[in-house]
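# Survey of secondary and tertiary structure
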Amino acid sequence: MFLGNSDHSVDSKGRVVLPKEFREALGERFYITRGFEKCAQVLSVDEFDRLREQIRSLSADKALPLQYLLISPAVAVSPNAQGRIMIPAKLREDCSITSCVTIVGMDSRLEIWDKDTFSAFIEEKKQESIADALSLLRI
């Protein structure tokens, strides 16, 4: 289970350090691909295989878009001796990842967000949650 979040810098080659406890849980090799929001996601081999199987079980009209969005851009990665992984250039571009990221534990996966994009996303979600709570409470 992945919990918590932390900020990290991205070096000039597009590498970022994953926290040690995350690397240990992921194992020697794992996958990075597009996330469900404007972020990258990191999945263990088992979790990625589970995702692939779930997508395969869908009808073609539902499976194909998910394959294009999640399976096609996936890359197997292994951390180097310093615990860094390479975020592919196309994925950095698609997710607007620049020089600083926030790595977010999301239970069975990690998300890697551009730090400023994540801050704006969380602020937006807070405002939506407050508005939803007020409408439920009829205040």
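For the structure given in this document, a descriptive report is provided here. As the structure is a computational prediction, the values presented were derived from the model and not from experiment.

Below, the discussion takes up the nonpolar core. Ranked by internal contacts, the top residues of the largest apolar core, which has 20 residues, are Ile32, Ile85, Ile103, Leu110 and Ile112. Put simply, the parts of the chain that give this core at least two residues each are helix 1 (20-26), strand 3 (30-34), strand 4 (40-44), strand 7 (100-105) and strand 8 (110-114). Ignoring sequence-local partners within four residues, the contact set of Ile112 consists of Ile32, Cys39, Ala40, Val42, Ile85, Ile87, Ile97, Val101, Thr102 and Ile103. Listed in part, the 7 residues of the second largest apolar core include Tyr31, Phe48, Ile55 and Leu70.

What follows is about the side chain of His8. Mapping His8 onto the fold places it in strand 1 (residues 5-9). There is a polar contact of 2.7 Å between the side chain of His8 and the side chain of Ser6. Setting aside residues up to four positions removed in sequence, His8 forms contacts with Val16, Val17, Pro19, Ser99, Cys100, Val101 and Ile103.

For any two helices packed against each other, the geometry is given by the interaxial angle and the distance between the axes. In the contact formed by helix 2 (residues 45-56) and helix 3 (residues 60-71), the axes pass within 10 Å of each other and the chain directions differ by 155°. Taken as axis vectors, helix 2 and helix 3 run roughly antiparallel relative to one another. The segment helix 2 lies against helix 3, with Phe48, Leu51, Arg52 and Ile55 engaging Ala63, Leu66, Gln67, Leu70 and Ile71. A class-by-class count of the residues in the contact of helix 2 with helix 3 yields 7 nonpolar, 1 polar and 1 charged.

This part is about the sheet that holds strand 4. Across the sheet, which stays open at both edges, the 6 strands sit in the order 1-7-8-4-3-5 with antiparallel pairing between neighbours. Each edge of the sheet is formed by a strand with only one pairing partner; in this case those strands are strand 1 and strand 5 (75-77). Neighbouring strand axes in the sheet, compared pairwise and without regard to direction, differ in orientation by 30° on average. Across 5 bridges, the pairing between strand 7 and strand 8 is antiparallel. By the bridge assignment for strand 8, Gly105 is matched with Leu110. Its contacts with the sheet put helix 3 on strand 3 and strand 4, and the angle it makes with strand 3 is roughly 115°. Strands in contact with helix 5 (residues 115-137) are strand 1, strand 7 and strand 8; relative to strand 8, the strand with the most contacts, it is inclined by about 105°.

About the cut-offs
Residues numbered from 1 in each chain as written. Predicted model: local features only at pLDDT ≥ 70, side-chain atom pairs only at ≥ 80, totals over all residues. Heavy atoms only, no water. Core = buried A, V, L, I, M, F, W, Y, C linked by side-chain atoms within 4.5 Å. Buried < 20%, exposed > 50% of the residue type's maximum accessible area, 1.4 Å probe, protein only. Helix = DSSP H or I, 4+ residues; strand = E, 2+ residues; numbered from the N terminus. Contact = heavy atoms within 4.5 Å. Polar contact = N/O pair within 3.5 Å; in protein donor to acceptor, adjacent residues only side chain to side chain. Axes fitted to C-alpha atoms, helices over the stretch in contact; angles between N-to-C directions. Parallel < 35°, antiparallel > 145°, perpendicular 65-115°, else oblique. Nonpolar A, V, L, I, M, F, W, Y, C, P; charged D, E, K, R; others polar. Pairing = 2+ DSSP bridges.

Keep in mind these numbers describe shape, not what the thing actually does.
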